[in-house]
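So you can see what is in the structure, the chains are spelled out below.
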Amino acid sequence: MAPLSFVLTHAWLIPAIPLVSFLLVGLVLRPVSERLAGAVATLAVATSAGLSWLLAWDFLHLVPHGQPLPSLTPWSAMWLHFQDGFGISIGTLLDPISVMLLVVVTTVSTLVHLYSTGYMHGEPGYARYFAFLNLFTFSMLGLVLAPNLVQMYVCWELVGASSFFLIGFYFEKPSAVSASKKAFIVTRFADLGFFLGILVLGFYASQIHAGMTQDLHGLQPLDFAFLTRPDVLAQLAGLNVHFLGVGVLTLAAVLIYTGGAGKSAMFPLHIWLPDAMEGPTPVSALIHAATMVVAGVYLVARCFPIFATSGEALTVVMCVGAFTSLFAAVIGCTQDDIKRVLAFSTLSQLGYMMFALGVASFAHPLGYSAAMFHLFTHAFFKALLFLGAGSVIHAVHSNDIWHMGGLRKHMPVTHALFLIATLAIAGIYPFAGFFSKDEILAAALHSGHTVVFGVGLLVAGMTAFYMFRIYFVTFWGEPKSEHAHHAHESPWVMLGPMSFLGVLSIGAGFIPIPEWVQLPGSPAEHEGIDLAVAIPSTILALAGISLAWLLYGGAPDRANALVAKLGRVYTTIKAKFYFDELYLYVTHSLIFRFVAAPIAWFDRNVVDGAVNLSGWFTRTAGLLLGKLQTGQVQTYGSWLVSGAIAAVVVLWGVLKAGGN
Amino acid sequence: MADFLAGHAPTLTHWLVLTSALFSIGIYGMLTRRNAVGVLMSLELCLNAAAVNFVLFNRYLAPTNLGGAERLDGAVMTIFVIAVAAAEVVVGMAIFVAMYAERRTVDVTRLDALKD
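Source: prediction; values computed, not measured.

S.K.: Report on the interface of chain A and chain B, specifying residues and quantitative values.
M.R.: Between chain A and chain B, the contact holds 10 residues from the first and 12 residues from the second. Between chain A and chain B lies a buried interface of about 800 Å² when both sides are counted; carbon and sulfur atoms form 55% of it. Summed over the shared surface of chain A and chain B, the number is zero salt bridges. Summed over the shared surface of chain A and chain B, the result is three residue pairs in polar contact (both at pLDDT 80 or more). Within the side of chain A that touches chain B, the residues separate by chemical class into three nonpolar, seven polar and no charged.

This is the structure:
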């Protein structure tokens, strides 16, 4: 292996630069100059992106072509040293998936920063926005590079916090505030599972670690490199400890998956993602499409050997993923808010990635590569879709697709780019989504999961349908509002980053990610385009597009007739199967009334009562004692004399008692 | 009469009862007199009780003969007490005069600014 180059050994610079920039912009530049703050923030992330590209280049050339890429930790430092054999380090872990995600995060983040300088122009809180974008980028990069579960968890929470700040960016809007709270609470609730998983895994892993005799080269129990060793996993799987009838390994894997499901908005924790669209659109593009929401997928991929050894946990991942992808696609067909449709398509695609991981195994690792490939391509075309939607919203001043229409004449560049991204997500050759979707479906078919394959095909068709639905309604037909009539093309500072993403949406499929990202220790399994999968998926995608054209291509008469025919079914789907209402019922009517209200009563009356009582006692005692303060010298004198007499009496008694 | 006195010469205890009574009367007066001058006069009683105690202890407890000379430490302290008392009366009376000029009264029960 070639000696490590500067960028490989100094990979920590990539997250460090946005962090320094966050502090600089947030603390120093924000009050000074808004423009400067935006420029510094963008430049910092662009530097990180440049370093990431260099790093990826060097990383790919570490080994001769055709050999599996290594996994290395060029830098790590002990952070918390509890005892010998149990410590937590911070460091940078470089392996194919982390390098891939580094490139994705820094690239999309740079483009979003650049786009935001145009999109957010003149908004109050412009510098604050950029500071938080930088904070987010730092946290996400720290998460990607984490060599152990604890660093990942810390960055995981930082990502959640910056997401909270950015969703609630328009904090004067009550809906944005409640959306940010919802996102934070739901993901935080899921992270409780993640934390418990770390504790369970750490407890048993440290015992195994202590029992190992060979030299571990300073490997700590919570390091991924330790946890994914086959001998460690075999010992964990062999532990005869059960909880609720589940083995330790499965329990830990499922708990960790809970955290991942929260961040990646898997059913039934999906409810926060559609509401998170209250944030500025570039934020949705960066956080809620390309980076943060794939953290859950990344977590599962990072811990994949744990899941694969458990088996049952992987089945959970697969079932939840497949269900979410279908469920979200069904809802996505009915929404009117362009960003919400995109949010549901993100959910659906995340479900795709999750079930791709779920169908993978040590024997059939294709799903692993396919999930990472889809993560890679999805980041670009979904970011482009969001930025395109942002461009449209910027022009029309509304999120509702029924206020748009006919925009292809007014916004030709946006229209072309949005079409590219829509074709990419629909999975039409040669756009990026085709390759990764094909890979996922092939993985499902070849590992023998026929039902999942069927669901995947169906979802592919539905994706094409609902994406083209919003495409046709937005860009074709007659302008349906005053603003849509006078829409103007966005400035080039917005179109530039979109064009770059457009190029990636076309070209990313040709980057041989599945060749580079292989499950370590498993046979390479990549067969290129499988016509048995590609033909039906393309046919279904084209059918979806045709159906969308039939229903929404012209005047929406047919669509309205169909909606009327579907009646209650349609309204139920449009109301997202009333899941928000269900959650509201559970939280308000059950938890608030039967848990929170009694606790609040106890707090107000018993706890506060005790505090108030002590206060009341002190005040009353003070008032009573204050009456002694007459100001009469003679009264004071009387007290003095009485005291002196009492002292003499006591002293006399004591002396007398001592004398005898 | 002389015989009676010789037979019933007062001991230290008798004298201490006397000074205790004197001191207690003084304390009572200090706590009950409303006129500031009366309070001051009661205070003088207490001081005098203490001064008499000095003389008594010098007379009864100190060795009468120390290398041929009689010890007078207690008596000297008495002189001090009298001198200090005289000075104190002067200061006290001056304060009363100033107080009267200010408040038109020397009634201590009406001087209760301490409680504010």
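Having seen it, we continue.
S.K.: If you had to explain empty space enclosed by the protein to someone new, which residues and values would you point to?
M.R.: Residues and elements named next belong to chain A. Enumeration over the complete set of coordinates arrives at three cavities of 30 Å³ or more. Taken as a whole, the largest cavity encloses approximately 40 Å³ of empty space. Lining the largest cavity, in full, are A426, G427, F434, K437, D438, A460, S537 and T538. Counting residues per element, the ones that place at least two in the lining of the largest cavity are helix 20 (432-446) and helix 25 (531-552).

S.K.: Outline the environment of A:L550, listing residues and values.
M.R.: Its place among the elements puts A:L550 in helix 25. Separated by 359 residues in sequence, A:L550 and A:D191 place their C-alpha atoms 44 Å apart.

S.K.: Which residues make up the layout of surface pockets, and what are the values?
M.R.: Residue and element names in this part refer to chain A. Volume-wise, the largest pocket comes out at about 880 Å³. Elements supplying a minimum of two residues to the lining of the largest pocket: strand 1 (72-83), strand 2 (86-94), helix 4 (96-119), helix 8 (224-227), helix 9 (230-238), helix 13 (295-302) and helix 14 (304-310). The biggest single contributor to the lining of the largest pocket is strand 1, with five residues. Taken together, the residues of the lining of the largest pocket sort by class into 25 nonpolar, 12 polar and four charged. Looking at the second largest pocket, its volume works out to about 670 Å³. With nine residues, the top contributor of residues to the lining of the second largest pocket is helix 28 (residues 579-626).

S.K.: Any chance you could break down the packing of helix 15 (residues 312-332) of chain A against helix 16 (residues 338-359) of chain A for me, citing the residues and the numbers?
M.R.: All names here are of chain A. Packing of helix 15 against helix 16 leaves a shortest axis separation of 7 Å and a crossing angle of 155°. One way to sum up the angle between helix 15 and helix 16 is to call them roughly antiparallel. Every pair of crossing elements has a handedness; the one defined by helix 15 and helix 16 is left-handed. Residues L314, V317, M318, G321, A322, T324, S325, A328, A329, I331 and G332 of helix 15 form the contact with helix 16, whose participating residues are V341, F344, L347, S348, G351, Y352, M354, F355, L357, G358 and V359.

S.K.: Report on the nonpolar core, specifying residues and quantitative values.
M.R.: In this structure, A:L55, A:L94, A:L149, A:W272, A:F307, A:Y368 and A:L407 are the most contacted members of the largest nonpolar core, which totals 226 residues. Looking at this core element by element, the count peaks at 21 residues for helix 17 (residues 366-396) of chain A. With near-sequence residues (within four places) excluded, A:L55 lies in contact with A:V7, A:L8, A:A11, A:I14, A:L94, A:V99 and A:L102. If you look at the next biggest cluster of nonpolar residues, it comprises eight residues, including B:A36, B:V39, B:F96 and B:L111.

S.K.: Residue-level account of unusual backbone geometry, with values.
M.R.: Residues and elements named next belong to chain A. Cis geometry marks the peptide bond from F267 to P268; its omega dihedral reads 0°. Within the secondary structure, P268 sits in the loop between helix 10 (248-263) and helix 11 (272-275). Backbone torsion omega between Y429 and P430 reads 0°, so that peptide bond is classified as cis. Position of P430 relative to the elements: it lies in the loop between helix 19 (412-426) and helix 20. The phi angle at H397 is positive, at roughly 60°, despite the residue not being glycine.

S.K.: How would you summarise the pairing of strand 1 of chain A if you had to cite specific residues and measurements?
M.R.: Residues and elements named next belong to chain A. With eight bridges connecting them, strand 1 and strand 2 associate as antiparallel partners. Paired with W75 across the two strands is T92, which belongs to strand 2. Connecting strand 1 to the next strand, strand 2, in antiparallel fashion are two residues, including G85 with a positive phi near 90°.

S.K.: Can you explain the side chain of A:S116? Please cite residues and give values.
M.R.: Structurally, the position occupied by A:S116 is in helix 4. Residue contacts for A:S116: discarding those within four places in its chain leaves A:H121, A:Y126, A:Y129, A:F130, A:L133 and A:P282.

S.K.: If you had to explain the packing of aromatic side chains to someone new, which residues and values would you point to?
M.R.: The description of two aromatic rings rests on the distance between their centres and on the angle between their planes. All names here are of chain A. Applying the stated rule across the entire model yields 37 aromatic pairs over all chains. Ring plane angle 90° and centroid distance 5.5 Å describe the contact between F327 and F579, whose orientation is recorded as edge-to-face. Pair noted here: F327 is in helix 15 and F579 is in helix 28, with a separation of 252 residues, a long-range link. Residue classification places F579 among the buried residues on the basis of a relative accessible area of 16%. Seen in terms of ring centroids, Y471 and F475 are 5.7 Å apart; in terms of plane orientation they differ by 35°. Their pairing is tilted. Of this pair, Y471 and F475 both sit in helix 21 (residues 450-475), separated by four residues, roughly a single helical turn. Residue class for Y471 comes out buried when judged on its relative accessible area of 3%. A connected cluster of aromatic rings, assembled from ring pairs, spans F418, F468, Y471, F472, F475, W476 and W549. Seen from the ring of W476, R408 lies directly overhead, with NZ or CZ sitting 4.0 Å from the centre. If you follow K656 out to its NZ or CZ, it ends over the ring of W652, 5.9 Å from the centre.

Conventions adopted
Residues numbered from 1 in each chain as written. Chains lettered and ligands numbered in written order. Predicted model: local features only at pLDDT ≥ 70, side-chain atom pairs only at ≥ 80, totals over all residues. Heavy atoms only, no water. Contact = heavy atoms within 4.5 Å. Buried area = accessible area lost by both parts, 1.4 Å probe. Salt bridge = Lys/Arg side-chain N within 4 Å of Asp/Glu carboxyl O. Polar contact = N/O pair within 3.5 Å; in protein donor to acceptor, adjacent residues only side chain to side chain. Nonpolar A, V, L, I, M, F, W, Y, C, P; charged D, E, K, R; others polar. 1 Å grid on protein atoms, 1.4 Å probe; cavity = no way out; pocket = protein on both sides within 12 Å on 5 of 7 lines; lining within 4 Å. Points joined across faces, edges and corners; volume = space filled by probe spheres on them. Helix = DSSP H or I, 4+ residues; strand = E, 2+ residues; numbered from the N terminus. Axes fitted to C-alpha atoms, helices over the stretch in contact; angles between N-to-C directions. Parallel < 35°, antiparallel > 145°, perpendicular 65-115°, else oblique. Left-handed = near helix turned anticlockwise from the far one by under 90°. Core = buried A, V, L, I, M, F, W, Y, C linked by side-chain atoms within 4.5 Å. Buried < 20%, exposed > 50% of the residue type's maximum accessible area, 1.4 Å probe, protein only. Pairing = 2+ DSSP bridges. Phe/Tyr/Trp six-rings, centres within 6.5 Å; stacked < 30°, edge-to-face > 60°. Lys NZ or Arg CZ within 6 Å of the ring centre and 35° of its normal.

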